[in-house]
Amino acid sequence: QVQLVESGGGLVQAGGSLTLSCAPSGRTFSNYVMGWFRQAPGKEREFVASITWRGGITTYAESVKGRFSISRGNAQNTVYLQMNSLKPEDTAVYYCAARSRVYESIADLTRPNDYDYWGQGTQVTVSS
């Protein structure tokens with residue numbers, strides 16, 4: 001049983017930083033794609049960033065490029081989302097996701113139904 005556990009959310013002022021963590025368990029994730037999505041109240045869940053566990057290839061939503069960074073720690077079996085220069089519009093519940101299916105390009109994996117497993121989410125609130 002795959003489980004994804006997020007942590008690191010909280011309240012931060014605009015311009016500040018937060019680091020989210022996702023700890024997957026239950027499988028060997030070396031062939032997986034790991035992603036971060038977010039969902040603000042009244043809005044659809046949207047793609048933030050993704051990374052291949054093998055090779056560390058990354059892709060980002062345009063809205064976070066240059067501010068957010070996704071990485072994985074092989075030894076710790078953890079995926080991180082470093083968020084800098086946070087804006088009030090970044091306020092949302094952030095979800096970790098994992099994809100086990102074969103794919104052609106990580107750049108294509110930007111929809112929620114491209115992923116197979118989800119965490120419970122962690123709240124990020126950015127005050128102005």
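For the structure, see preceding data.
Report follows, based on the coordinates. All values derive from a computational prediction rather than experimental measurement.

Quick word on the side chain of D114
Next, step 1: Inspection of the secondary structure assignment puts D114 in the loop between β9 (92-99) and β10 (117-118).
Next, step 2: In terms of polar contacts, D114 uses its side chain to reach the backbone amide nitrogen of T110, at 3.2 Å.
Next, step 3: What D114 contacts, discounting residues up to four positions off in sequence, is R99, R101, D108 and L109.

Focus on the state of the cysteines
Next, step 1: Applying the stated criterion across every chain yields a total of one disulfide.
Next, step 2: Note that C22 is cross-linked by a disulfide to C96, the S-S spacing being 2.0 Å. Disulfide C22-C96: torsion about the S-S bond near -75 degrees, hence left-handed. Taken together, the positions of C22 in strand β3 (residues 18-25) and C96 in strand β9 put the pair 74 residues apart, joining distant regions of the chain.
Next, step 3: Here C22 falls in the buried class, since its relative accessible area comes to 0%.

Some words on the packing of aromatic side chains
By convention here, two paired aromatic rings are described through the distance between centres and the angle between planes.
Next, step 1: The tally for this structure, following the rule as stated, stands at eight aromatic pairs.
Next, step 2: Pairing Y32 with Y117 gives two aromatic rings, centres 6.5 Å apart and planes at 15 degrees, and the pair type is stacked. Linking Y32 in the loop between β3 and β4 (33-39) with Y117 in strand β10, this pair joins segments that are 85 residues apart in sequence.
Next, step 3: Since its relative accessible area comes to 8%, Y32 is described here as buried.
Next, step 4: On the basis of relative accessible area, Y117 is assigned to the partly exposed category, the value being 22%.
Next, step 5: One aromatic cluster is present, built from ring pairs that chain together F37, F47, Y95, Y115 and W118.
Next, step 6: One residue, R45, lies across the ring of Y95, its end atom 3.7 Å from the ring centre.
Next, step 7: The ring centre of W118 lies 4.8 Å from the NZ or CZ of R45, which sits over that ring.

What counts and what doesn't
- Residues numbered from 1 in each chain as written.
- Predicted model: local features only at pLDDT ≥ 70, side-chain atom pairs only at ≥ 80, totals over all residues.
- Heavy atoms only, no water.
- Helix = DSSP H or I, 4+ residues; strand = E, 2+ residues; numbered from the N terminus.
- Polar contact = N/O pair within 3.5 Å; in protein donor to acceptor, adjacent residues only side chain to side chain.
- Contact = heavy atoms within 4.5 Å.
- Disulfide = S-S within 2.5 Å.
- Buried < 20%, exposed > 50% of the residue type's maximum accessible area, 1.4 Å probe, protein only.
- Phe/Tyr/Trp six-rings, centres within 6.5 Å; stacked < 30°, edge-to-face > 60°.
- Lys NZ or Arg CZ within 6 Å of the ring centre and 35° of its normal.

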